[in-house]
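Tertiary structure, described
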Amino acid sequence: MKKVYIETYGCQMNVNDTEVVFAILAEAGYVRTDRMDDADIIMANTCSVRDNAEQRIWGRLEQFNLQKRRRKVIIGILGCMAERLKNALTDSGKVDVVAGPDSYRKLPELLKGAEEGIPGIAVSLSRDETYADIIPVRTDSNGVSAFISIMRGCNNVCSYCVVPFTRGAERSRDFRSIVREACDCHERGYREVTLLGQNVDSYNFEGTTFAQLLAMVAEVSPGLRVRFSTSNPQDISDEVIYTMAAYPNICHHIHLPVQSGSNRILEKMRRRYTREWYLDRVSKIRSVMPDCAITTDVIAGFCSETGEDHEDTLNLFRKVKFDAAYMFYYSERPGTLAARKYPDDVDLQTKTRRLEEIIALQNSLSLDSNRRDVGKTFEVLVEGPSKKGNDQLCGRTGTNKMCVWNDRSHKAGDLVKVKVTDCTQATLICEPA
Ligand code: SAH
Ligand code: SF4
Ligand code: F3S
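Position numbers for residues start from 1 in each chain and track the written sequence from start to end. Lettering of chains starts at A and numbering of ligands starts at 1, both following the order in which they are written. The model is predicted, so local features are restricted to residues of pLDDT at least 70 and side-chain atom pairs to those at 80 or more, both for listing and for counting; the totals for chains, interfaces and linings are taken over all residues. With hydrogens and water stripped out, all remaining heavy atoms of the structure feed into the side-chain values.

Our next topic: the nonpolar core. By size, the foremost hydrophobic cluster in this structure holds 52 residues, and its most contacted members are Leu195, Phe210, Phe228, Tyr278 and Phe317. Once residues lying within four places of it in the same chain are set aside, the contact partners of Phe317 are Val258, Thr296, Val298, Phe322, Ala325, Ile358, Leu361, Gln362 and Leu365. Take the buried Ala, Val, Leu, Ile, Met, Phe, Trp, Tyr and Cys residues and link them wherever side-chain atoms come within 4.5 Å; each set so joined is a nonpolar core. Only protein chains enter the calculation, and the probe is 1.4 Å; a residue is then buried if its accessible area is under 20% of its type maximum, exposed if over 50%, and partly exposed in between. Formed by 23 residues, the second largest nonpolar core is a distinct cluster that contains Ile24, Leu25, Val97 and Leu110. For this analysis, residues touch if any pair of their heavy atoms sits within 4.5 Å.

Right, here's the structure in full:
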């Protein structure tokens, strides 16, 4: 049996896609390995969202090709970079197989061809592929938390973003297959599922909305925690917020990417909300669930961003007091509206400085957020031993904060009450409550 090794880059959807790929390949008689050294097939499931994500993959391809000098291996590129670069990858002479996000069912065929020396490429995007019938082969190590993709693609056209080009049009997966997968996870011992989509609030399968889907998944079992990502500020509805509040097993955490605090920049980014709308959504969430964590994504140094626009972003961060954030500086992506229309005119030094200012601010906000939790008690899902070991366990609160505490009596998958005694910027230090 041929052994397959896959490295995964990019977002959680890619992690889940790799699991789908393993399921498709298992069906075709391949086995999974965690060691590149003894793999017959070496693949990377890739991300194109920023230029440095792609540069990293080119670097990895050099490493993969070193293996090829020693023995017979097939090298494959999957995911967003496969979709974006297509035959430029095979033409580089470094890749044997290229498969985009909607073409994974073709992989067994492509690999067979590659074994006979024929490079294979499949990059058509689909209107309806959701891999609904495929039960992913979970690749996480703790067996506690699983990803479930509920939709694919994206119908927004944020001007900086390459995702609509690499993932195609938005389509929602049949809610019955989603609920079936959540039940299956629960039966296999998983205690948490995360529903994934680029814009979960626009989920719609034959009239079933995201709020309705969320309720269905929450009803699978009170012992199954439910998370989701990503919520687009323009689409998050009151129903979703009320549904979160109504089910104790839906985690109180919303990832709500703001991208910029300046209305002028938001418009140029083609985000379809304003700063005021965003702040109103935050107020709504907090009025219904005062304990709900809100996290975000932000881009520093988008085309034409002035010092004042940047101040607006810092300002919004101070106002909202995010619990955590993913922060980037703008990276122009070929083919996007911004690349065609707006010069990438904020110099790298300014981009980096603005990004560092946002990071410094967020670090202090994260620490403040954790300090506010000292003295409180949380129900935490145990993920396993902490990095430090020595009888220390780690696990997350519903608000997605990492806790560590001394404990010999629990194991991964248990729900445990802990009390926060201290904190760092990244971790809540706890004791059993
Ligand atoms: N669907 C999600 C975002 C997916 S991409 C949403 O709409 O919020 C993840 C994050 O990468 C984005 O939120 C954005 O902050 C960042 N990103 C996307 N394109 C980028 C670019 N060209 N340069 C820098 N960051 C980018
Ligand atoms: Fe990209 Fe915007 Fe779609 Fe998110 S909503 S994936 S940022 S186009
Ligand atoms: Fe990257 Fe593709 Fe996800 S570009 S962020 S892996 S959708």
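Before going further, it helps to spend a moment on the site of ligand 2. Neighbouring residues are identified by heavy atoms, a residue being near a molecule or strand if any of them is within 4 Å of it. For ligand 2, the full set of nearby residues is Cys154, Asn156, Cys158, Tyr160, Cys161, Val163, Pro164, Gln198, Asn232 and Arg271. By residue class, the composition of the shell around ligand 2 is six nonpolar, three polar and one charged. Amino acids outside the nonpolar list (Ala, Val, Leu, Ile, Met, Phe, Trp, Tyr, Cys, Pro) and the charged list (Asp, Glu, Lys, Arg) are all regarded as polar, and Gly is one of them.

Looking now at the sheet that holds strand 13 (residues 225-229). Backbone-to-backbone hydrogen bonds join strands into a sheet, with any given pair of strands oriented parallel or antiparallel. At least two DSSP bridges between two strands are required for those strands to pair. Numbering of helices and strands starts at the N terminus; helices are DSSP runs of H or I of at least 4 residues and strands are runs of E of at least 2. Taken in spatial order, the three strands of this open sheet run 7-10-13, and their pairing is parallel. In the strand order of this sheet, the two ends are held by strand 7 (145-149) and strand 13, each with one partner. In this sheet, adjacent strand axes meet at a mean angle of 25° when their direction is disregarded. Examined bridge by bridge, strand 7 and strand 10 (residues 192-196) share five bridges and lie parallel to one another. Following the sheet pairing, Ala146 is matched in strand 10 by Val193. Note on method: axes are straight lines fitted to C-alpha atoms, helices fitted across the in-contact stretch only, with angles between N-to-C directions ranging 0 to 180 degrees.

So, on to the packing of aromatic side chains. Between 30 and 60 degrees the pair is tilted, below 30 it is stacked and above 60 it is edge-to-face, where a pair is any two Phe, Tyr or Trp rings, Trp via its six-membered ring, whose centres lie within 6.5 Å. Scanning all chains against the criterion turns up nine aromatic pairs. Taking the centre distance of 6.0 Å and the plane angle of 80° together, the rings of Phe175 and Phe205 count as edge-to-face. Placement of Phe175 in helix 7 (residues 175-187) and of Phe205 in strand 11 (residues 204-205) is noted, with a sequence separation of 30 residues between them. Of the residues examined, Phe175 reaches a relative accessible area of 17% and is grouped as buried. Exposure remark for Phe205: the relative accessible area of 16% places this residue in the buried category. Ring centres of Phe302 and Tyr342 lie 6.4 Å apart, and the angle between their planes is 80°; this geometry places the pair in the edge-to-face category. In this pair, Phe302 sits in the loop between strand 15 (293-300) and helix 12 (307-320) while Tyr342 sits in the loop between helix 13 (337-341) and helix 14 (348-373), placing the two residues 40 residues apart along the sequence. Of the two residues, Phe302 and Tyr342, neither departs from the other in class, the shared state being buried. Over the aromatic face of Tyr342 sits the side chain of Lys268, whose NZ or CZ is 4.5 Å from the ring centroid. Two limits define a charge over a ring: the Lys NZ or Arg CZ must be within 6 Å of the ring centre, and within 35 degrees of the ring normal.

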